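Results of the structural survey
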Amino acid sequence: MSILLVRPGALGDTILTLPIVDAISHRRPEQTLTLLGAKQYEFLMPPHVKVESFDSIEWTWVFEEDKPCSRLYSSSFDMAYVILKNFHTPVRNLESAGIRTISASSLPEPATGIVKTLCERLSLPVPPRKPYLENFTNNKTSNHVWIAPGSGSRKKNAPISLFNYTCNLLKTIGDFEFHVTLGESDTWLLQENDFLDFVEGISAKVFYKKTLNELVATCCNSCLYIGNDSGASHL
């Protein structure tokens, strides 16, 4: 059996897809699984999962609203799972191509974990919690504290004063080395005096616009993470 999992998204969405991949693999261990998602995060997936870029020209037919769908892949997949906020068009196109499709809205339920919610919507077993990316760490003891004060939206950011208070509290109980990471959407922080004072006050190393591979290599062996709701938090 060949299965297509449609899950476009950024880093956080991709990481939260790992338990879904696990659930599908346990439900259908004989299947070949293709993820239609973000190609740059392919290295996060298990080796048995093939990753295709959702925005490549060969896959545009899945998302097109006003054009006839292609039957190019109708014989390639036996079924598809679709996880999107607005999943109706991809479901229509996939089913028109003869692919049996199960869909789930990506919107969370109040007070319920998103993995549990998605598995229930897709009629999949909820896998046990486990560190899916443990192979990226080297298991060495570290005194590094990873701090990610930004996110994809300023509205989700805790005030810098809270980061400052937390880090200064940590300094009273241990000898820590602070690493601050900033993404492309966090450049505005470099113009904020309270952020600059915070970094100077805790003698932090600042890493700006590191690639995901560099981020994994330098930060995933930290003993503690402090951050907002972001892809880095899920990592």
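Residues numbered from 1 in each chain as written. Predicted model: local features only at pLDDT ≥ 70, side-chain atom pairs only at ≥ 80, totals over all residues. Heavy atoms only, no water.

We now examine the overall build of the protein chain. Counting its regular elements, the protein chain contains eight helices and nine strands. Counting the 235 residues in the protein chain, one finds 46% classified as buried. Of the contacts formed within the protein chain by residues at least 6 apart in sequence, a portion of 65% connects residues at least 24 apart. Summed over all atoms, the accessible surface of the protein chain reaches about 12500 Å², with 52% contributed by carbon and sulfur. Across the protein chain, the centroid of the 22 positively charged side chains sits 4 Å from that of the 25 negatively charged ones. (Helix = DSSP H or I, 4+ residues; strand = E, 2+ residues; numbered from the N terminus. Buried < 20%, exposed > 50% of the residue type's maximum accessible area, 1.4 Å probe, protein only. Contact = heavy atoms within 4.5 Å. Areas by Shrake-Rupley, 256 points an atom, 1.4 Å probe, with all protein chains shown as cover. Lys, Arg positive; Asp, Glu negative; His and termini not counted. Charge placed at Lys NZ, Arg CZ, Asp CG, Glu CD.)

The next subject is the sheet that holds strand E1 (residues 2-6). Spatially, the five strands line up as an open sheet ordered E3-E2-E1-E4-E5, and their pairing is parallel. Strand pairing shows two members of the sheet lacking a second neighbour, strand E3 (49-53) and strand E5 (100-104), which therefore form its edges. On average, each strand axis in the sheet is tilted by 20 degrees relative to the strand beside it, whichever way the strands run. One ladder, built from five bridges, connects E1 with strand E2 (residues 32-37); its direction is parallel. Paired with Ile 3 across the two strands is Leu 33, which belongs to E2. (Pairing = 2+ DSSP bridges. Axes fitted to C-alpha atoms, helices over the stretch in contact; angles between N-to-C directions.)

A cluster of nonpolar side chains, namely Leu 162, Tyr 165 and Leu 169, defines an oily patch on the protein surface of about 330 Å² accessible area. The class for Leu 169 is partly exposed, based on a relative accessible area of 45%. (Patch = residues over 30% accessible without salt bridge, like charges linked within 9 Å, V, L, I, M, F, W, Y side chains within 5 Å. Salt bridge = Lys/Arg side-chain N within 4 Å of Asp/Glu carboxyl O.)

Our next topic: the pattern of salt bridges. According to the stated counting rule, one finds seven salt bridges in the structure shown. Asp 22 is paired through a salt bridge with Lys 130; the nearest N and O atoms lie 3.5 Å apart. Of this pair, Asp 22 sits in helix H1 (residues 11-27) while Lys 130 sits in the loop between helix H4 (114-121) and strand E6 (144-148), and the two are 108 residues apart along the sequence. The exposure class of Lys 130 is partly exposed, given its relative accessible area of 44%. Taking the shortest distance from any N to any O, the salt bridge between Lys 116 and Glu 120 comes out at 2.5 Å. A residue pair is termed a helical-turn pair when its members lie 3 or 4 positions apart in one helix, as Lys 116 and Glu 120 do in helix H4 at four residues.

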